[in-house]
Amino acid sequence: MRRAVVLLGPRRVGKTILIRHLIAELLTKGVDARRMAYVEMDHPLLHGQSLEALVRQIEMATPDGEGTRYLFFDEIQSHKDWEKHLKPLVDHRPDLRVLVSGSAAAALKRQSTESGAGRFTDFLLPPLTFSEYLDLRKEEAAVSELGPNRYLLDDIDRLNAQFVDYVNFGGYPELALSKVVRSNPERFVKSDIVDKVLLRDLPQLYGINDIQELNSLFTLLAFNTAEEVSSEQLSQRSGVGKKTIQKYIEYLEAAFLIKRVFRVDQDGRRFQRERNFKVYLTNSAMYTGLFGARRPDHSEFGHLVETALFAQRFHQDARLNYARWGSQGLEVDLVESSPAFKPTGALEIKWSDRFARRPQALSGLIKFSQKNRLRLAWASTRSQFGSETIGETEVRQWPAAVLAFHYGASAVRGRLADFDAQVQGITGDGQNMRP
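The shown structure was predicted, so the numbers you read here are calculated from the model rather than taken from an experiment.

Student: Please clarify how the overall build of the protein chain should be interpreted in this entry.
Tutor: On a plain count of helices and strands, the protein chain comes out with 16 helices and 17 strands. Taken against the 2.2 N^0.38 rule, which gives 22 Å for 435 residues, the C-alpha radius of gyration of the protein chain at 23 Å falls within 12% of a compact globule. In terms of principal-axis extent, the alpha carbons of the protein chain reach across some 70 × 55 × 45 Å. Across the 435 residues in the protein chain, those meeting the buried criterion constitute 52%. Of the accessible surface of the protein chain, which amounts to about 20400 Å², a share of 47% is contributed by carbon and sulfur atoms. The protein chain carries 60 positive and 55 negative side-chain charges, and their two centres are separated by 3 Å.

Student: Mind showing me how you'd approach the pattern of salt bridges here?
Tutor: Where side chains of opposite charge bring their charged atoms close, a pairing between them can arise. Taken as a whole, this structure holds 26 salt bridges when the rule is applied. In this structure, the salt-bridge partner of Arg 324 is Glu 228, at a minimum N-O distance of 2.5 Å. Of the two residues, Arg 324 sits in strand S11 (residues 319–325) while Glu 228 sits in strand S8 (residues 227–230), which places them 96 residues apart along the sequence. A relative accessible area of 22% places Arg 324 in the partly exposed class.

Student: Mind showing me how you'd approach a nonpolar patch on the surface here?
Tutor: A contiguous nonpolar surface patch, about 230 Å² in accessible area, is contributed by Val 5, Leu 18 and Phe 123. Note on placement: Val 5 falls in strand S1 (residues 4–8).

Student: Would you explain the side chain of Thr 393 in this entry?
Tutor: Mapped onto the elements of the fold, Thr 393 is located in strand S16 (residues 393–399). A polar side-chain atom of Thr 393 sits 2.7 Å from the main-chain carbonyl oxygen of Leu 374. Non-local contacts of Thr 393, meaning those with residues more than four positions away in its chain, are made with Ser 369, Gln 370, Leu 374, Arg 375, Leu 376, Ala 377 and Glu 388.

Student: Sorry, what's going on with the nonpolar core here?
Tutor: Generally speaking, nonpolar side chains in soluble globular proteins are found buried as a group. Membership of the largest hydrophobic core comes to 89 residues, with the highest contact counts inside it found for Phe 130, Leu 159, Phe 163 and Phe 218. Top element by residues in this core is helix H16 (residues 400–413). It accounts for eight residues. Setting aside chain neighbours within four positions, we find Leu 159 in contact with Phe 130, Leu 134, Ala 142, Val 143, Leu 153, Ala 401 and Val 402. With 23 residues, the next largest nonpolar core counts Met 41, Leu 54, Phe 73 and Leu 96 among its residues.

Student: Please explain helix H1 (residues 15–28) as it appears in this structure.
Tutor: Along an α-helix, residues three or four positions apart point the same way, because every turn accommodates 3.6 residues. Its 14 residues give H1 an end-to-end C-alpha distance of 20 Å, which sits within 8% of 20 Å, the value for a rise of 1.5 Å per residue. Every buried residue belonging to H1 is among Lys 15, Ile 19, Ile 23 and Leu 26, and all of these are buried. Axial view of H1: buried residues confined to an arc of 85 degrees, hence all on one face. Away from its buried face by more than 90 degrees, H1 exposes His 21 and Thr 28. Buried residues along H1 sit against S1, strand S2 (36–40), strand S3 (69–74) and strand S4 (96–102). Following H1 by one or two positions, Gly 30 adopts a phi angle in the positive range, close to 95 degrees.

Student: Got a minute to help me understand the sheet that holds S4 in this structure?
Tutor: Strands belonging to one sheet form pairs held by backbone hydrogen bonds; the direction of such a pair is parallel or antiparallel. Taken in spatial order, the five strands line up as S2-S3-S4-S1-S5 in an open sheet, and their pairing is parallel. Every other strand in the sheet has two partners, leaving S2 and strand S5 (120–124) as the edge strands with one partner each. Direction aside, the axes of adjacent strands within the sheet are offset by 15 degrees on average. Both S1 and S4 contribute to a ladder of four bridges, which runs parallel.

Student: What should I look at first to understand the packing of helix H2 (residues 51–61) against helix H3 (residues 82–92) in this one?
Tutor: How two helices sit against one another is set out by the angle between their axes and by the gap between those axes. Axis separation between H2 and H3 bottoms out at 9 Å; the angle between their running directions is 55 degrees. Judged by the angle between their axes, H2 and H3 are oblique. Along its contact with H2, which presents Leu 51, Glu 52 and Val 55, the element H3 presents Trp 82, His 85, Leu 86, Pro 88 and Leu 89. Across the contact of H2 with H3, the residue classes tally to six nonpolar, one polar and one charged.

Student: Just checking my understanding: could you explain the packing of aromatic side chains for this structure?
Tutor: The geometry of an aromatic ring pair is captured by the separation of the ring centres together with the interplanar angle, meaning the angle of the planes. Per the counting criterion, the structure on display carries 17 aromatic pairs. Here Phe 130 and Phe 163 contribute two aromatic rings whose centre-to-centre distance is 5.3 Å and whose plane-to-plane angle is 70 degrees, an arrangement assigned as edge-to-face. One end of the pair, Phe 130, is in helix H5 (residues 130–136); the other, Phe 163, is in helix H6 (residues 156–169), with 33 residues separating them in the sequence. Of the two residues examined, Phe 130 and Phe 163, each falls in the buried class. An aromatic cluster of three or more residues is present, and its members are Phe 130, Tyr 133, Phe 163, Tyr 166, Phe 301 and Trp 351. A cation over a ring is seen here: Arg 313 above Tyr 407, with NZ or CZ 5.3 Å from the ring centre.

Student: Is there a simple way to think about the packing of helix H11 (residues 231–238) against helix H12 (residues 242–254) in this case?
Tutor: Direction vectors running N to C along H11 and H12 enclose 105 degrees, while the axes themselves pass 9 Å from each other. What the angle tells us is that H11 and H12 run roughly perpendicular. Residues Ser 231, Glu 232, Leu 234, Ser 235 and Ser 238 of H11 form the contact with H12, whose own contacting residues are Lys 242, Ile 245, Gln 246 and Ile 249. Each residue belonging to the contact of H11 with H12 can be placed in one class, and the counts come to three nonpolar, four polar and two charged.

Student: Looking at this structure, I do not really get the environment of Gly 241. What am I missing?
Tutor: Structurally, Gly 241 is set in the loop between H11 and H12. Judged by relative accessible area, Gly 241 falls into the partly exposed class, the value being 38%. Distance from Gly 241 to Ser 231, taken between C-alpha atoms, is 8.8 Å for residues 10 residues apart in sequence.

Each value, and the rule that gives it
- Residues numbered from 1 in each chain as written.
- Predicted model: local features only at pLDDT ≥ 70, side-chain atom pairs only at ≥ 80, totals over all residues.
- Heavy atoms only, no water.
- Helix = DSSP H or I, 4+ residues; strand = E, 2+ residues; numbered from the N terminus.
- Rg over C-alpha atoms; globule rule 2.2 N^0.38 Å.
- Buried < 20%, exposed > 50% of the residue type's maximum accessible area, 1.4 Å probe, protein only.
- Areas by Shrake-Rupley, 256 points an atom, 1.4 Å probe, with all protein chains shown as cover.
- Lys, Arg positive; Asp, Glu negative; His and termini not counted.
- Charge placed at Lys NZ, Arg CZ, Asp CG, Glu CD.
- Salt bridge = Lys/Arg side-chain N within 4 Å of Asp/Glu carboxyl O.
- Patch = residues over 30% accessible without salt bridge, like charges linked within 9 Å, V, L, I, M, F, W, Y side chains within 5 Å.
- Polar contact = N/O pair within 3.5 Å; in protein donor to acceptor, adjacent residues only side chain to side chain.
- Contact = heavy atoms within 4.5 Å.
- Core = buried A, V, L, I, M, F, W, Y, C linked by side-chain atoms within 4.5 Å.
- Expected span 1.5 Å × (residues − 1).
- Arc of directions from axis to C-beta.
- Pairing = 2+ DSSP bridges.
- Axes fitted to C-alpha atoms, helices over the stretch in contact; angles between N-to-C directions.
- Parallel < 35°, antiparallel > 145°, perpendicular 65-115°, else oblique.
- Nonpolar A, V, L, I, M, F, W, Y, C, P; charged D, E, K, R; others polar.
- Phe/Tyr/Trp six-rings, centres within 6.5 Å; stacked < 30°, edge-to-face > 60°.
- Lys NZ or Arg CZ within 6 Å of the ring centre and 35° of its normal.

Right under this line is the structure:
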């Protein structure tokens, strides 16, 4: 199909580097360099120029090349009405292959959906998954590959140490790989990512006047990542009106800074009036940049573990909610549903081995699974494996770090990762388990 690619994603996740790798790949395959052009659209000299004019200038500069021409327009959101200019290029220039990228996803997602139906293909580049992070690090990973999509867990303690490092620093490639950047994560995350989105991207796109108000709300949401909130609570704590809060949250979500997850009842049904919801940072390393790194025994680290596990899957098409019901406040952290909104999976996230030998104490997970006739329910631990069938439901427990690797590898490679856990003292009932 003749389409342009719209590469979406948060700031600093590697979109420009990915484009450069793609250009290198084309050169390796023998594509004439004169048939390629890379343009930084936020350059001041390009302000006010149309895409058609830029294409003409590119063709004038390289008149001798023949064949398909590959065009890369980076930071396209800085170009006014970019989607209206890109659409005719797709329609009338079959010799062009066009990729545009940008970090202000609010504008990109909205405009590409409205004006590029059938002509643009959106692709989301998320922050690094845990498996990608381990692949990029020079340090040897505590998980080794036995064969295609089969893995051996060598050392759970070492994997946990790597997972703690990932939770604090792992989502952004520069933060994960550079000692200099890691020595001052607050400057990298806050100045290069958060402030540019809150102070420049969103105000320019939506005409936000009270930037301090938006910043205060985001800081409040970030500090309470993985916790249930409501518009009423946020309004009382921030002093911002509920309608304004709703609007700001939509902006922050569209810019890939946060992600909302809505509540379902014990039958997996959404509430008609959604007063409560959870908010996750799309990258747990953002918390480090705002509030500093956290040790694994800090009280809030459990919420960061939940945020990191959610981040492995937020960019997928999975329908994720959380369940809470009853006067006792029974809950399940993540519920996956079918297109018909029938629960198909349930996960309770713990950063503790307290329930590894007594899964019956996971009352919310068990009652939800039995109510919805789930044959398999999941719970995370800190370092223990376990599996026990309660009624007709198998409650399977894996360490959070192993689950994070599993979700990340599955997302990247498009299929499930199999594990052999053969380390004495951690396998318990879960030896040679498969997801």
